[in-house]
Structures are given as structure tokens and as C-alpha cells.
Amino acid sequence: TALCVSFLGVCGGEFSILRSPQSVVFRDGGWPIPGERIPDVAALTMGFSVEEDLPWPGLATGDLFHRPQATVLVTVKGVDKLPVKGFSYPIENAVPFSLDSVANAIHTLFSEEMPVVLQLAPSEERVYMVGKANAVFEDLSVTLRQLRNRLFQDNSVLSSLPLNSLSRNNEVDLLFLSELQVLHDIASLLSRHKHLAKDHSPDLYSLELSGLEEVGKRYGEDSQQFKDASQILVDSLQKFADEMFNLYGGNAVVEVVAVKEFNSPLSRKTRSILQASQSKKENPYNLAYPYNYDYSVIFNIVLWMMIGLALAVIVISYNLWNMDPGYDSIIYRMTNQKIRMD
């Protein structure tokens, strides 16, 4: 299973690495990372291939035979940067993106096992879960009503967090706190089902937090409420990262991206079922097929396999041609004696 906690961002945002195992090497430097390539960073750290090379110096070549056991991607909106511990990189051309491609790769390659694939945006009541392991997270609060009820239970974060200037009676404050409750509940559920963190299939957690942005809109970014919420969020994220890192035995990458706002709304590519009935358009110009990024891999496999088989045939044919029938086999010796007796 593979863990990588990521908080994604946009223009003016910051991409930070909280925790990472020795098998994944990040370099300390101020190299900017294109916002649309952050999912490729998550894919590469998990050992998946990407369509285009990533010429970003921040990610070095690590141990190819030991990959992280999960990826947790959390989008924090409403702030340019968070004072978290770890390496930080500025984000350029920050556009909306998702980890759907990584989730599809995990679901396709490990469908027979029990990977955790959880994508959740509490403020938007958007949740996506696939795979057998996600039955563990069926009790997770995902709607606003469920989140509010969860906050007022005995073991909620309200009893442990220092609210300071935040209020239990304000809906905006409760929305912010409910997102922190989701972080706590994810780690708590995983701690009760540790077998999910010890299997061989990679895990993916993608979370989007908008509560801090709503606090800034309600009180202003210079308000004491916004400052207190930012500090509470930093402490909660660090605690959540440490808990997930320890649950996966230290084999986890924890990344954070702080996002002020997205340049444009996220549009997910969809495919209509009616497209299946449409016939293929003919190619009137006799153009070549689009380049397949697996072509070089397949070409090298076929090429060297054919060369190896050709060399094997040559070597075997040469040895058979020069075989001494008097010494190499009892069959030839018996045949030789029979000929001389005749």
C-alpha cells in the first residue's frame, strides 16, 4: 500500500513535502512546479509512469524497487502558503487538476486486492470511493448534516482543539472544524483497520479543504479568527501527516499544497454513452496514428528478444554441427558401434 499526503495549489500557492521515506528523494530548493504536473509527481512517487517526462529538479530518482505505500492528496484553499515543516516549492501556472488518472491506474492494476481509493471534498459533499477496502470508510461523515452531527459527539475534535476566537455557534466556523474532524476520523478508521496499510496494493487519499477560505471570506484575512484558524489547520495537518506516516510504517510521502484560488474551475473529462454508437471518422489524408508513449518500451522488448533468440539459434546450431558423435551421447556411441558391426 502506498501513502502520499498532498495538499494542492495554484498560482501564488506553495507545494510542501511534510514527510517522505528514504525511497523517495526530494531536493531542497526553490524550483517552481507547474500546477498541472502535481498529479504526475504523485504518480511518479508511487511508481506509475506518466505520459510526458517531468523535468523538475525537486524530485530525484529514488529506490525503484521500494515505493511508498499510499498517496493522500489534500487541497487547501484560501491561503497562499502555510508554515508547515518540510521542503517547499512555489507553484506556477496553477490550474485545477485531479488525481483521477492515478485512481484509475490503482483500480485497474489492483482490482483483485484491497487498495484504498478515497477522494473527498466535505464542503461540497463530493465523495468518490472504489475498491473492496472502502467499506471501512462507509461510516465516514460526508454530508454537511453528518459533519455537523459528528462535531457534537463526545469524541469530536471540539473537545481537544483550542478554538480561541472561533465559535461553536457560527456555521462558517463549524464547517472549518468539520473538515478537521474528517482528517481525524480517517486516521482513526485506518488505525482500527491496520491491515489495509500493510497489504501490497497502493492507497490513495485525495481531500479538498475549503473551510479556511470560508473563514477568510466571513471575517477577513486580517482577522483574529482567520489567524487562529490557520494555526489550528497547520497543527492539525502536521498531526494528521504524522499519524498517517506512522500507520504506514514510515513508508509514506506527505505533501501539502496551499492554494489561494484556482485560475479556472475544474472541469472533468466525461464521455457520453452515445459515443459508442458513433462510427470512426475516416482518415482522408492518410496520416499516421498518434504517437504512443509505450512505443519505445515495446520496441525495445521486441528488438532485444529477437536478437537474443537469433543468437541462441546460432550458438545451438554451431554446437550441433560440430558435435563429436563419439563422446557427446550414448546414443551416438551405440549407433557408431552398430555401424561398425554391420
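Reading the values: rules and limits
- Residues numbered from 1 in each chain as written.
- Predicted model: local features only at pLDDT ≥ 70, side-chain atom pairs only at ≥ 80, totals over all residues.
- Heavy atoms only, no water.
- Helix = DSSP H or I, 4+ residues; strand = E, 2+ residues; numbered from the N terminus.
- Buried < 20%, exposed > 50% of the residue type's maximum accessible area, 1.4 Å probe, protein only.
- Contact = heavy atoms within 4.5 Å.
- Areas by Shrake-Rupley, 256 points an atom, 1.4 Å probe, with all protein chains shown as cover.
- Expected span 1.5 Å × (residues − 1).
- Polar contact = N/O pair within 3.5 Å; in protein donor to acceptor, adjacent residues only side chain to side chain.
- 1 Å grid on protein atoms, 1.4 Å probe; cavity = no way out; pocket = protein on both sides within 12 Å on 5 of 7 lines; lining within 4 Å.
- Points joined across faces, edges and corners; volume = space filled by probe spheres on them.
- Nonpolar A, V, L, I, M, F, W, Y, C, P; charged D, E, K, R; others polar.
- Core = buried A, V, L, I, M, F, W, Y, C linked by side-chain atoms within 4.5 Å.
- Pairing = 2+ DSSP bridges.
- Phe/Tyr/Trp six-rings, centres within 6.5 Å; stacked < 30°, edge-to-face > 60°.
- Lys NZ or Arg CZ within 6 Å of the ring centre and 35° of its normal.
- Axes fitted to C-alpha atoms, helices over the stretch in contact; angles between N-to-C directions.
- Parallel < 35°, antiparallel > 145°, perpendicular 65-115°, else oblique.
- Left-handed = near helix turned anticlockwise from the far one by under 90°.

As recorded by an unreviewed UniProt entry, the protein carries the name Renin receptor and is attributed to Erythrocercus mccallii.

1. Some details on the overall build of the protein
Across its full length, the protein carries 8 helices and 11 strands. Counting across all 342 residues of the protein, residues that qualify as buried make up 44%. Considering only residue pairs separated by 6 or more positions, the protein has 78% of its internal contacts joining residues 24 or more positions apart. Accessible surface computed for the protein: about 19900 Å², of which carbon and sulfur atoms make up 55%.

2. Describing helix 4 (residues 171-192)
Its 22 residues give helix 4 an end-to-end C-alpha distance of 31 Å, which sits within 8% of 32 Å, the value for a rise of 1.5 Å per residue. With 17 of 22 residues buried, helix 4 lies mostly within the body of the structure. At the N-terminal end of helix 4, a side-chain oxygen is found 2.9 Å from the backbone nitrogen of valine 172, two or three residues along, and the residue is asparagine 170.

3. Remarks on empty space enclosed by the protein
Following the criterion strictly, the structure yields 1 cavity of 30 Å³ or more and no others. Reported here for the largest cavity is a volume of approximately 30 Å³. For the largest cavity, the full set of lining residues is His107, Phe110, Ser111, Glu113, Pro115, Gly131 and Lys132. Residues that form the lining of the largest cavity fall into these classes: 2 nonpolar, 3 polar and 2 charged.

4. Description of the nonpolar core
Formed by 57 residues in total, the largest nonpolar core has its most connected members in Leu82, Phe176, Leu177, Ile186, Tyr205, Leu233 and Met244. For this core, the secondary structure elements donating two or more residues are strand 6 (70-77), strand 8 (117-121), helix 3 (144-151), helix 4, strand 10 (203-209), helix 5 (211-219), helix 6 (224-247) and strand 11 (252-259). Beyond its immediate sequence surroundings of up to four residues, leucine 233 is in contact with Val76, Leu82, Phe176, Leu180, Leu209 and Leu212. Core analysis: the next-biggest nonpolar cluster, separate from the first, contains 17 residues, Ile17, Phe26, Leu54 and Ala94 among them.

5. Structural notes on the pairing of strand 6
Extensive coverage of strand 6 is indicated by the burial of 8 of its 8 residues. Of the two faces of strand 6, the one lined by Ala70, Val72, Val74 and Val76 and the one lined by Thr71, Leu73, Thr75 and Lys77 are each fully buried. Relative to strand 10, strand 6 runs parallel, the two sharing 7 bridges. What sits directly across from valine 72, in strand 10, is tyrosine 205. Relative to strand 11, strand 6 runs parallel, the two being bridged by 4 bridges. Residue pairing in the sheet places threonine 75 in a bridge with valine 257 of strand 11.

6. Examining the layout of surface pockets
Over the atoms, a rolled probe matching the size of one water molecule traces out where space is still vacant. Empty space within the largest pocket amounts to approximately 510 Å³. For the lining of the largest pocket, the secondary-structure elements that each account for two or more residues are helix 1 (38-45) and helix 2 (100-109). The dominant element in the lining of the largest pocket, judged by the number of residues it contributes, is helix 2, at 5 residues. Residue composition of the lining of the largest pocket, by class: 7 nonpolar, 3 polar and 5 charged.

7. Quick word on the packing of aromatic side chains
This structure, assessed with the given rule, holds 4 aromatic pairs. Taking the centre distance of 4.8 Å and the plane angle of 75 degrees together, the rings of tryptophan 56 and tyrosine 89 count as edge-to-face. One end of the pair, tryptophan 56, is in the loop between helix 1 and strand 5 (59-60); the other, tyrosine 89, is in strand 7 (residues 87-92), with 33 residues separating them in the sequence. Note on tryptophan 56: relative accessible area 6%, which makes it buried. Taking NZ or CZ as reference, arginine 19 lies 4.0 Å from the ring centre of phenylalanine 245, over its face. The ring centre of tyrosine 219 lies 5.0 Å from the NZ or CZ of arginine 218, which sits over that ring.

8. Some words on the packing of helix 4 against helix 5
It is at 8 Å that the axes of helix 4 and helix 5 come closest, and there the two elements cross at 160 degrees. On the basis of the axis angle, helix 4 is roughly antiparallel to helix 5. For the pair helix 4 and helix 5, the crossing hand works out as left-handed. For the pair helix 4 and helix 5, the contacting residues are Val172, Asp173, Leu175, Phe176 and Glu179 in the first and Gly211, Leu212, Glu214, Val215, Arg218 and Tyr219 in the second. Its residues assigned to classes, the contact of helix 4 with helix 5 shows 6 nonpolar, 1 polar and 4 charged.

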